[in-house]
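# Chains, contacts and geometry: an overview
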Amino acid sequence: AVVSTQSTGMRRLSGRWHTVVTGVCCCHGNRPERTFHSETEVLFRELTEDVISWYVGTGEPFDKAGGYGIQGKGAVLVEKVSGCYSNVVGLPGSELMVQLRDYLSKEE
């Protein structure tokens, strides 16, 4: 059932754009929380049933929030990324650095 669900998800992404959204909350000491989110658009290639079966068979998609790992074997599924690549991997690193620098430079 899990393999079938994963294959269905791959078929839905095939040849289409989707949006990866990551929310972040910064908190430290008595400072007020700062939240932000990052959005990245990802275009999947047209996937054949053979490619879907191969990828699901690798086991890689089963521990990924979006059902694929762009930083691993799932990279072959992706045609284009518009926005922050590290956001798709899991955390928008460049934006987080900017936000943390600003957040921590403010007086408590």
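These notes cover the structure that comes with them. (Residues numbered from 1 in each chain as written. Predicted model: local features only at pLDDT ≥ 70, side-chain atom pairs only at ≥ 80, totals over all residues. Heavy atoms only, no water.)

## Section: the sheet that holds strand 2 (residues 34–44)
Condition: Paired strands, as defined in this entry, are two strands with at least two bridges between them according to DSSP. Segments assigned H or I by DSSP are reported as helices when at least four residues long, segments assigned E as strands when at least two residues long, and all are numbered from the N terminus. Fitting a line to C-alpha atoms yields each axis, with helices limited to the stretch in contact; the angle taken between N-to-C directions then spans 0 to 180 degrees. Working rule for contacts: check all heavy atoms of both residues, and any pair within 4.5 Å makes them a contact.
Read across the open sheet, the three strands follow the order 1-2-3; overall the sheet is antiparallel. Unpaired on one side and paired on the other, strand 1 (17–26) and strand 3 (78–82) mark the two borders of the sheet. For this sheet, the mean inter-axis angle between neighbouring strands, taken without regard to orientation, is 25 degrees. In this structure, strand 2 lies alongside strand 3, joined through four bridges in antiparallel fashion. Of the residues in strand 3, the one forming a bridge with Leu43 is Lys80. Of the strands in this sheet, strand 1 and strand 2 touch helix 4 (residues 93–105), which is tilted by about 170 degrees from strand 2.

## Points about the nonpolar core
Defined as follows: Residues belong to a common nonpolar core when they are buried Ala, Val, Leu, Ile, Met, Phe, Trp, Tyr or Cys residues joined through side-chain atoms within 4.5 Å. Buried means the residue's accessible area, taken with a 1.4 Å probe over protein chains only, is under 20% of the maximum for its type, while exposed means over 50%, and partly exposed covers the values in between.
In terms of nonpolar packing, the biggest core is built from 14 residues, with Met10, Val42, Phe44, Tyr68 and Leu77 touching the most fellow members. Counting residues per element, the ones that place at least two in this core are helix 1 (2–13), strand 2 and helix 2 (49–58). Top contributing element to this core by residue count: helix 2, with three residues. With residues up to four places along the chain from it excluded, the contact list for Leu77 reads Met10, Phe44, Arg45, Leu47, Val51, Tyr55 and Tyr68.

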